[in-house]
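Below are the chains, spelled out letter by letter.
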Amino acid sequence: MEESKASTELPLVLIVEDKETTRLLIRTVLEKSGFRVEEAEDGLSALDAFEKYEPDAVLLDVVMPGMDGYQTCAELRKNPKCEHVPIIMTTGLNDIDSINQAYEVGATDFITKPINHVILTHRLRYMLRGMRIQKEIAEKAIRDPLTGLYNRRYFASRIVQELNRAKRGKEQLAILLCDLDYFKTINDSLGHHVGDKILKSVAKSIQDCFRGHDLVFRWGGDEIVVILPKFHVQEEHPPAERIRAAVRGIDKSLLLDFDLDVSIGIALFPDHADDPDELIRLADRALYIAKRGQAKIQVGEEAYGLDEDAVQAVFQPIVYLDNFEVRAHEALVRDPKGELSVFALFNKYAAIGKLRELKALCLRTQIKEASALGLEKIFVNADFNLLEYVNEIKKPSGIEVIIEISELEAIRDVDKSLVIVEKWRDQGYQFAIDDFGAGFISLPFIALACPEYIKLDRSTLLLAVSSEKFRSFLNHLTEAMSHYAPEGIIAEGIETEEELQIVKNMGIPLGQGYLLGRPGKIEKP
């Protein structure tokens, strides 16, 4: 194990040479002299090999087919990782113009063939020593001395590089501007030495939140900037919420009477701007909104208010299959502006850590709207995490409200789920198992909770259509389950006459789907 570790600490040289015998000869010499070696046979493979191995030095032949050594050297120098890496160019050419051209494209040194291997190994060691010193000096120049984070001056160059990379790859990039709440009060009451200690802890906590290619900078004072390349909106644990959780989790012994928290402004490329100055301006503006409104997290300049105007309730009918009379409606939500899909609408608030609040708003809005419309029975989607978190929602009189719980949710913690079910049942709500048959088994929950309804997932329905054997099995299963879902079984996602006929032949009483009625807004009578 120790030998393996030691071997990986040896300097790594990338040999770029189109002749295999020459590569083998140089490899043998370098490995005997204490270097590790990787090889590339042409310019294009050299660029890939550099990205993959990140060598400490490159030995680059000038004359190669396709991309020659000069072009390869120039491309390597465009990579920020190659800024301080020695590149020694090798060639049989010995004229002044060739040597000048090598240095013009970024070569560190030039050596002619046939190569004197003793001189080569000594030059490599000398250059690597110089590279280490140069990197140490360069690293100090781009670091904040207190926090160890990258400094504001380095941000100016890296944001340009990262934006160019995002534009080439047509990727999204996020800038998060973080401001520690009440830091002036901390400094004034506890002293700057304690403030510095807290700021160092905050910086480390934020740094530990992110991946290797994410970049964290001290912007100034108690402000920290994070660049997130290849940014993807995540429903669970979005980056801004990870930062807040990390800051709130800092050792309370540092804070005495203060609870730490952080406000965060977010700007996105290309959604908000494609210019570095404009992105940081928008992030700063978003931070102001986050602090002023006590929302803690804000994306862009637009205020992401969570009131009844943030969502629109629509309703899809659930009908008796024997006469197509409407039995109930399922309540759904849409973007009131019609600009976002349901998935994008939820992701919009997930990005700022307000997904749970959005779900609670949807539940309240759907129930309130259905009651105002005079609907007698509605189904609403929820999950146990929301039901456990949200404050009591008083069920309006004159309306039955059935809470749909996905089958996956129902089996995660059956005992805990049963407690939550009974709590909401005591308030007059009923329950339905949603997505039944979509790959999960919730039979223990069904047996113990006796949900009023069970909704068969469309994937189960399609399997019944395609397989007579499965259809027979499902027929017997639904007949047995009907004793534990006293209000009935509902087939979801009925879209064709064939599907409708099969469901009716199975004796399933209720159905829902585009064939029977699409989701839509119901006008008040």
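All of these numbers come straight from a predicted model, not from anything done at the bench. (Residues numbered from 1 in each chain as written. Predicted model: local features only at pLDDT ≥ 70, side-chain atom pairs only at ≥ 80, totals over all residues. Heavy atoms only, no water.)

Chemist: An account of the packing of aromatic side chains is requested, with residue identities and associated values reported.
Modeler: All chains considered together, the criterion is met by 9 aromatic pairs. Between Tyr 154 and Phe 217, the aromatic rings sit 6.2 Å apart at their centres with planes inclined by 45 degrees, giving tilted as the arrangement. With a gap of 63 residues between them, Tyr 154 in helix 7 (residues 152-169) and Phe 217 in strand 7 (residues 215-220) connect regions that are remote in the sequence. Look at Phe 384 and Phe 445: their rings are 6.1 Å apart centre to centre, the planes differ by 65 degrees, and that puts the pair in the edge-to-face class. In this pair, Phe 384 sits in helix 14 (residues 384-389) while Phe 445 sits in helix 17 (residues 443-449), placing the two residues 61 residues apart along the sequence. (Phe/Tyr/Trp six-rings, centres within 6.5 Å; stacked < 30°, edge-to-face > 60°. Helix = DSSP H or I, 4+ residues; strand = E, 2+ residues; numbered from the N terminus.)

Chemist: I'd like a rundown of the packing of helix 18 (residues 458-466) against helix 20 (residues 497-505), residues and numbers included.
Modeler: Look at helix 18 against helix 20: their axes get within 10 Å of each other, and the N-to-C directions meet at 90 degrees. Of the possible angle classes, the one that applies to helix 18 and helix 20 is roughly perpendicular. Contacts between helix 18 and helix 20 pair Arg 458, Leu 461, Leu 462 and Val 465 from the former with Glu 498, Glu 499, Ile 502 and Val 503 from the latter. Residues of the contact of helix 18 with helix 20, tallied by class, amount to 5 nonpolar, no polar and 3 charged. (Axes fitted to C-alpha atoms, helices over the stretch in contact; angles between N-to-C directions. Parallel < 35°, antiparallel > 145°, perpendicular 65-115°, else oblique. Contact = heavy atoms within 4.5 Å. Nonpolar A, V, L, I, M, F, W, Y, C, P; charged D, E, K, R; others polar.)

Chemist: How would you summarise the pattern of salt bridges if you had to cite specific residues and measurements?
Modeler: Scanning all chains against the criterion turns up 29 salt bridges. As a salt-bridge pair, Glu 51 and Lys 81 come within 2.9 Å of each other at their nearest N and O atoms. Taken as a pair, Glu 51 in helix 3 (residues 43-53) and Lys 81 in the loop between helix 4 (69-78) and strand 4 (87-91) lie far apart in primary sequence, 30 residues in all. Glu 51 sits in the partly exposed class, given a relative accessible area of 39%. Exposure remark for Lys 81: the relative accessible area of 42% places this residue in the partly exposed category. For Lys 359, the salt bridge goes to Asp 383, with nearest N and O atoms at 3.1 Å. Taken together, the residues span a long stretch of sequence, with Lys 359 in helix 13 (residues 355-373) and Asp 383 in the loop between strand 13 (377-381) and helix 14 at a distance of 24 residues. (Salt bridge = Lys/Arg side-chain N within 4 Å of Asp/Glu carboxyl O. Buried < 20%, exposed > 50% of the residue type's maximum accessible area, 1.4 Å probe, protein only.)

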